[in-house]
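Reading the structure
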Amino acid sequence: MSKSSLPCKFQVMPVDLHQHVLVIPTVSVNQLRVMRVMRVVGTLQLVLLLTLTSRAAGFNIPLEVEQPPTIITHTSGPIVALPFDNTVKIRCEARGNPPPEYKWTKDGKVFIPPHFTTNKTNHSDGTFVLHNKHLLQFQGKYRCYASNKLGTAMTEEIELIVPSIPKFPNEGIDPIVVKEGDPIILHCNPPEGVPPRQIYWMSIGLQHIEKDERVSMGIDGNLYFSNALQKDSRRDYCCFASFPKIRRIVQKTAMAVIVKSLKADNESADSVDATPEAPPVRKPGLLLPPGVQTEKLLLKGERLQLECIPHGYPTPTIKWMKLGDKMPSRTKYDNYGKLLIISAVEEKDGGKYMCIAENSAGKADHYFDVIVEEPPKWQTEPPQSQLNVSGSDVHIKCAVSGKPSPVITWRRNAGLFRDDSQKNSRVLDDTLIIHNARPEDSAVYQCDASNSHGSLLANINIMIMNMAPRILTRDHQEYAVVLGGDIIMNCSVFSSPPPSISWAKDETPVTTEGGRFAILQDRSFQIIRAEKNDSGNYVCVASNTEGKSAVTAVLDVKDPTKIVDPPREAQIISGTTAQFTCQAEYDKSLQSTFEVVWRKDGEKIPLSFEENSRYLVADGLLQIMNVNLSDQGFYTCIARTSLDEDNATALLTILDVPDAPKNLTILELESPRNVSLSWVPGSDHNSSVTEFIVEYEESQWEPGRWRELQKVPGIQATAELALHGHLNYQFRVYAVNAVGPGPPSEPTKRHKTPPAAPDRNPENIKIQGHLPHQMDISWEPLLPIEHNGPGLEYKVSYRKLGVEDVWREHLVKRHSFVVRNTSTFVPYEIKIQSRNSHGWGPEPKLVTGYSGEDVPTAAPRDVAVEVFNTTVLRVSWTPVPPATVRGHLGGYDVHWLRKRSLLNPNNILDERQSMSFPGNRTHAIVPGLEPFSEYRLTVNVFNKKGNGPHSDPVTFSTPEGVPEQVPILTTSNAQKDSVLLVWGPPLEANGILTGYLLQYHLINETTMEVVDSQEININVADTTQWWLEGLEEGSLYRIHLSACTRAGCGPPLAQECNTAAKAREGNWRISEAVNTSQSFHIIDGLKPGAVYTVRLMAKGLLDNASIFEDVIQTRVKGAEGRRGDLSTQGWFIGTMCAVALLTLVALMACFVRRNKGGKYAVKEKEDLHPDVESHRMNDDTFCEYSDSDEKPLKGGSLCSLNGDGALGDSISRDSLVDYADGEVEFNEDGSFIGEYSGRKRGGSVSEPSGPSPVTA
């Protein structure tokens, strides 16, 4: 809706006064208008719509319709300009069509404000601003006029007051001289100024003059003394006037008062020894008010103050009464009963009042005639603006009341209205009547009611017109409501005469039967508890005698918003993160307006997008980081759209450590060392206290250090404390709950305990013999706080146990003592007692101990050995006599020496081992022996001091055992029905080898199950290879080989291999050796379109290993090979070779490092210690050991690709001799030290990965 189409509907708005403008408390028009506000009826009523405010009254006519001006806001007077105000703004704003122009008058004359324009292009405001420096010349009464072609509206007079700065005149005041007992009046005569004004009487030193029944200040500011006393004499009575509004205090010239005392026998007043005489009794009188009767005129609502200040001696008292009536219940008294106050005076409070001043000498009285009057006020409400059709009668009633009765003056467009009987208008009492009104009677009429106390002004807009209905609501206005909600669809209409209204839905008239539908007073259509089928188009039709109009409203009934996953109550530990969820369902067409708002205890949660914000809200989730006690409360999730909302609330409980206990109190029980400590627990913060910890601090030994003294259950708030003597304690308490310990309380005051004898003796007494002929006694000393007094020392007493012996005693201050010249390992009784300067501790307990030990002197006898198996035996002996142990028996040591292996009896060994067996025993089990070996064994006893002598040695041998697993097994030279097996002998035979057990199994390559099994006993002990024959062609076999002795066969080693299938075509060609410094190698002389297998071999001293193999196919010239020339294909092959050569270099380096410094190729070493890791082969490889020229070099291996054994044999003959013929160098110990460059053949073959084309 555009601004121009808005209806002219006025609302209550505050008066916009300047910040420091002071409104003087007299009745004004605006103050009276504020008293009542008219209730708005329907917007379509032709009855005039009025809003009574401090601004203006108006009725609901759209601005598109021509209408006279209506003043909507203006400044209420009077205005008091304060000295520090830079400017004063006087406002006047009206609306109308055409827009009004403004005119001001000052004191009844035309006034053009400074910097004020009546530019017709900008008529929105008639406000003007006056600047401080020129304010005095603008003092006066102003009135604003707003005019257009249809009429003129006016405001009441706005008075601008520019007060002068208040000050007292400079004057000389003669001293006031009175006799004692006479009354005194000190006149202040304060200057006028901006209210409020406050009067003070003080001395030059700013000391207030004391007031009482005798001395008082009147409401006029004067200081009254009912009777003078000599103490009233002083020369610095000062009157101060304060004006808070202008922040100013002024002071009157100081006044002097001299009170002459009455002296006996006419003695001089200056006589020091004169005896004072009491003032004579004086009959009461009134200093204020003067005369017999006073008339008091007030306005209704003002404050009534009646004051009577008496004089006389003794000081009279004041009584009040109302003649012929009771005192009003609101009556209060002040200034010691001299001032009667009635707030908000009413008419019934008027009448005659009397004050009576009375003392022992008589009475005096004064009468007040109180008259309560009232400024003009509306009896009901101000006259309302009216809209009428032509030919109707218009009545404007200006019903006002007041005392005296107000005089009513009528104006038309701000000009005086004369009663004209010849025309159609006349005035009857307080009513203006227009008969048979015509459009030209349209105008702004003013009713001005005034009396001696004020005036009222009302602008009444009278409009006479006929107009067809004009619908103000926008056509096809869209309305939305949630299912089950209420909706009102507007149909705002302006017309003259009033229209009739009807509603229809989808061309069907709407009936109001059933209670869900209603047409409201303002013609709007209301639907209660909307349903889905209520959606649709609704048409409002307005008609009168002048025409007809219609408007369509579109209604859409939406799904309601509902929280489906509400937040749930939670208990969270302080410092952690709390989380609430709130998931809601809502109508998806309202998604743009949907939001989730969180509140805590009804207040919106302050969300911040800064990094340090503790709140995070996203997707219906509220997270509160680092919660504290202030976060506890009820959290409400509000899911809302532009139409509705749903909410859910959950309680967040914060668990925290308990607060510190308070009010710790110490109460002595039986003695100062036995006290009761009590406290008041603090808040447990929603987690029950499980225990209280009482701590103490003492100032003598560890000042400032707090230690735990006692624990108390959480349901208890007292603790009985047993204290040590000679200490200055203070205590504190802290509480513990499930969250953790809370802060400690404030410490108590110091509590000093008297000294006493020690409460206990030393504990943990230890008796040791570090030397054979002495006994070392040590103990755990008393803590410093356990001394209970000064001079702590210990009495050490000891004697031999089991014999007649006397106690020997020594007093020491340290916590150890050495008894010397004792027998070796003799039992003693020892006791230690503590004492200080105040007495001995309790009787000590006896402790038994031994003097120093020495090494045993005897060896075990009758040592016998029982061999259980190849590695375990049982040894037994006869224990040594206890006396020879000479200390605490520790146990027995068994020592055994492996002298030689029976496999090599000429090789003398020196392998020593031992085991300790604690305690007094006669046998032991010894594991970990080597089979088929000769041993020597001894036994000795030991104690803490050392080992005794060894027993006589016993020699024994262990039987043969089964061999270890063979270290390596390879297959090679695979034929159609046979394969060559090569292996290494076991590293440890554990006996004399008798041969090998060979088992081989035929494997189904699909299911990997065993199809057939066979075994062969190889009874040749020194062989390391075997031709396995009788195999099936192209089959997979799993082979197991075990070494055997007379004790049995050892664990087998498994290997799998395949027998040869259909042979491949072609023969192997071996290139020259490739130096390890090269990064590529070019192979030439290949045939185009042929398939080749390329294999790169790394040849070492122990084996030949294949480190690269690939199947490639050469291309035919001119075909796809055109993409790259020969150099490109050479680069590819070179790159692949480079990768292989780098690996070769690494292998060679590892080999050199492994063999550096050792002897090479000695038959015994090769047979017994083959390098297992270097001989791991693939399933289709073989590995032959060479320990002479008759056998291939161990590690050289190759399987023929086409079953040609000759080729395989020729390659396998590469041995150590091949390396010696080349450029190979060896150290004296046989280790490899250089590179080789001769012909090197052989190695293991990897499974080809498929053909790759190569251009030849």
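This structure is a prediction, so every number in the text was calculated from the model and none was measured. (Residues numbered from 1 in each chain as written. Predicted model: local features only at pLDDT ≥ 70, side-chain atom pairs only at ≥ 80, totals over all residues. Heavy atoms only, no water.)

1. Quick word on the overall build of the chain
Put simply, the rule reads: Segments assigned H or I by DSSP are reported as helices when at least four residues long, segments assigned E as strands when at least two residues long, and all are numbered from the N terminus. Between buried and exposed lies partly exposed: a residue is buried under 20% and exposed over 50% of the maximum accessible area for its type, with that area taken using a 1.4 Å probe on protein chains only. A 1.4 Å probe and the Shrake-Rupley method give the accessible areas. Residues count as covered only by the protein chains that appear here.
What the chain contains, in helices and strands, is six helices and 89 strands. When burial is assessed residue by residue, the chain has 45% of its 1256 residues classed as buried. Surface accessibility of the chain: about 64,800 Å² in total, with carbon and sulfur atoms responsible for 50%.

2. Examining the side chain of Ser745
Which entries qualify depends on this criterion: Note on contacts: a residue pair qualifies if any of its non-hydrogen atoms lie within 4.5 Å across the two residues.
Relative to the helices and strands, Ser745 resides in the loop between strand 62 (728-737) and strand 63 (751-752). Residue classification places Ser745 among the buried residues on the basis of a relative accessible area of 5%. Ignoring sequence-local partners within four residues, the contact set of Ser745 consists of Ala660, Pro661, Leu664, Arg732 and Val733.

3. Here's the deal with the state of the cysteines
Selection criterion: Disulfide assignment relies on a single distance test, namely cysteine sulfur atoms paired within 2.5 Å.
By the definition in use, this model includes seven disulfides. Bridging Cys92 to Cys144, the disulfide has an S-S length of 2.0 Å. Between Cys92 and Cys144 the disulfide shows an S-S torsion of about -75 degrees. By sign, it is left-handed. Here Cys92, found in strand 4 (residues 92-97), pairs with Cys144, found in strand 8 (residues 140-148); they are 52 residues apart in sequence, far enough to count as distant. Across this residue pair, the class does not change: Cys92 and Cys144 are buried. The residue that forms a disulfide with Cys398 is Cys447, at a sulfur-sulfur distance of 1.6 Å. Looking along the S-S bond of the Cys398-Cys447 disulfide, the torsion reads about -65 degrees, which is the left-handed sense. With Cys398 in the loop between strand 29 (394-397) and strand 30 (400-403) and Cys447 in strand 35 (residues 443-451), the pair connects residues that are 49 residues apart, well separated along the chain.

4. What about the sheet that holds strand 75 (residues 908-918)?
So the rule is basically this: Strands are labelled as partners when DSSP assigns at least two bridges between them. Working convention: axes come from line fits to C-alpha atoms, limited for helices to the stretch in contact. Angles between N-to-C directions cover 0 to 180 degrees.
Pairing is antiparallel across the open sheet formed by four strands, whose spatial order is 75-74-77-78. The open sheet has two free edges, formed respectively by strand 75 and strand 78 (954-957), since each of these has just one partner strand. Across this sheet, the average inter-strand angle for adjacent strands is 25 degrees, counted without regard to direction. Alignment of strand 74 (residues 889-901) against strand 77 (residues 933-943), held across eleven bridges, turns out to be antiparallel. The residue bridging Val894 from the neighbouring strand is Val939, located in strand 77.

5. A few points about the pairing of strand 72 (residues 861-867)
Direction of pairing for strand 72 relative to strand 73 (residues 873-878): antiparallel, over a ladder of five bridges. Bridge pairing in strand 73 places Ala864 opposite Ser876. Connecting strand 72 to the next strand, strand 73, in antiparallel fashion are five residues.

6. Points about the environment of His1040
In this fold, His1040 is placed in strand 84 (residues 1036-1045). According to the relative accessible area criterion, His1040 is buried, its value standing at 19%. With 15 residues separating them in the primary sequence, His1040 and Gln1055 have C-alpha atoms 6.6 Å apart. Contact partners of His1040, with chain neighbours within four places excluded, come to Leu997, Leu998, Gln999, His1001, Pro1052, Leu1053 and Ala1054.

7. Considerations on the environment of Ile666
Following the sequence through the fold, Ile666 ends up in strand 57 (residues 662-671). In this structure Ile666 comes out as partly exposed when scored by relative accessible area, which is 27%. Counting along the chain gives 64 residues from Ile666 to Gln730, while the straight-line C-alpha distance between them is 9.8 Å. Once residues lying within four places of it in the same chain are set aside, the contact partners of Ile666 are Val675, Ser676, Leu677, Phe731, Thr748, Lys749 and His751.

8. Structural notes on the confidence of the model for the chain
Quick note on the threshold: Confidence scores labelled pLDDT are given residue by residue by the predictor and lie between 0 and 100.
Per-chain confidence: the chain averages 82 in pLDDT, with 80% of residues scoring 70 or above. Low pLDDT, under 50, characterises residues 1-58; the stretch is placed with 149 contacts to residues that sit more than four places away or in other chains. Across residues 1118-1129 the pLDDT falls below 50, and counting only partners more than four positions away or on other chains, this stretch makes eight contacts in the model.

9. A short note on the side chain of Thr1059
The line we're drawing: Pairs of N or O atoms are called polar contacts if they sit within 3.5 Å, as long as, within protein, a hydrogen donor faces a hydrogen acceptor (for residues adjacent in sequence, only side-chain-to-side-chain pairs).
Within the element layout of this structure, Thr1059 appears in the loop between strand 86 (1053-1058) and strand 87 (1091-1099). A polar side-chain atom of Thr1059 sits 2.6 Å from the main-chain carbonyl oxygen of Glu1032. Looking at Thr1059, its side chain comes within polar contact range of the main-chain nitrogen of Gly1034, at 2.7 Å. Discounting residues that sit within four places of it in the chain, Thr1059 has contacts with Ala974, Gln975, Lys976, Leu1031, Glu1032, Glu1033, Gly1034, Ser1035 and Tyr1037.

10. Considerations on the sheet that holds strand 60 (residues 707-713)
Note: strands within a sheet are paired through backbone hydrogen bonds, in either parallel or antiparallel orientation. In spatial order, the strands read 60-59-62-63; together these four strands make up an open sheet with antiparallel pairing. Where the open sheet ends on each side, the last strands, each with one partner, are strand 60 and strand 63.

11. Topic: the packing of aromatic side chains
Counted only if it meets this: Put simply, two rings from Phe, Tyr or Trp (the six-membered ring, in Trp's case) pair if the centres are within 6.5 Å, and we call them stacked under 30 degrees between planes, edge-to-face over 60, tilted for the rest.
According to the stated counting rule, one finds 25 aromatic pairs in the structure shown. With centroids separated by 6.1 Å and ring planes inclined at 80 degrees, the aromatic side chains of Phe111 and Phe138 adopt a geometry described as edge-to-face. Pair noted here: Phe111 is in strand 6 (residues 109-111) and Phe138 is in the loop between strand 7 (128-131) and strand 8, with a separation of 27 residues, a long-range link. Each member of the pair, Phe111 as well as Phe138, carries the same accessibility label: buried. Ring centres of Tyr798 and Tyr828 lie 6.4 Å apart, and the angle between their planes is 65 degrees; this geometry places the pair in the edge-to-face category. In this pair, Tyr798 sits in strand 66 (residues 793-800) while Tyr828 sits in strand 69 (residues 827-836), placing the two residues 30 residues apart along the sequence. Taking relative accessible area as the criterion, Tyr798 reaches 7% and is therefore assigned buried.

12. Considering the pattern of salt bridges
Stated formally: The salt bridge criterion pairs a side-chain nitrogen of Lys or Arg with a carboxyl oxygen of Asp or Glu, the two atoms within 4 Å.
Going through the model one piece at a time under the given rule, you end up with 46 salt bridges. With a closest N to O distance of 2.6 Å, Asp232 and Arg214 form a salt bridge. Placement of the pair is Asp232 in the loop between strand 15 (223-225) and strand 16 (234-243) and Arg214 in the loop between strand 13 (198-202) and strand 14 (215-217), with a sequence separation of 18 residues. Residue classification places Asp232 among the buried positions, given a relative accessible area of 5%.

13. Things to note about the nonpolar core
Note the threshold: What we call a nonpolar core is a set of buried Ala, Val, Leu, Ile, Met, Phe, Trp, Tyr and Cys residues that are connected through their side-chain atoms within 4.5 Å.
Core analysis: the biggest nonpolar cluster contains 24 residues, and Ile184, Leu186, Trp201, Leu223, Phe225 and Tyr237 have the highest contact counts within it. The set of elements that each furnish at least two residues to this core consists of strand 12 (184-186), strand 13, strand 15, strand 16 and strand 18 (255-260). A per-element tally of this core places strand 16 first, with four residues. Excluding its chain neighbours within four sequence positions, the residues that come into contact with Ile184 are Ile176, Val178, Leu223, Tyr224, Phe225, Ala228, Val257, Val259 and Leu287. Counting 22 residues, the second-largest nonpolar core is a separate cluster that includes Ile71, Cys92, Phe128 and Ala153.

14. Thoughts on unusual backbone geometry
In this model, Tyr313 is joined to Pro314 through a cis peptide bond whose omega is -5 degrees. You can see Pro314 is positioned in the loop between strand 22 (309-313) and strand 23 (317-322). Backbone torsion omega between Lys403 and Pro404 reads -5 degrees, so that peptide bond is classified as cis. If you trace the backbone, Pro404 turns up in the loop between strand 30 and strand 31 (407-412). In this structure, Ala344 takes a positive phi of about 50 degrees despite not being glycine.

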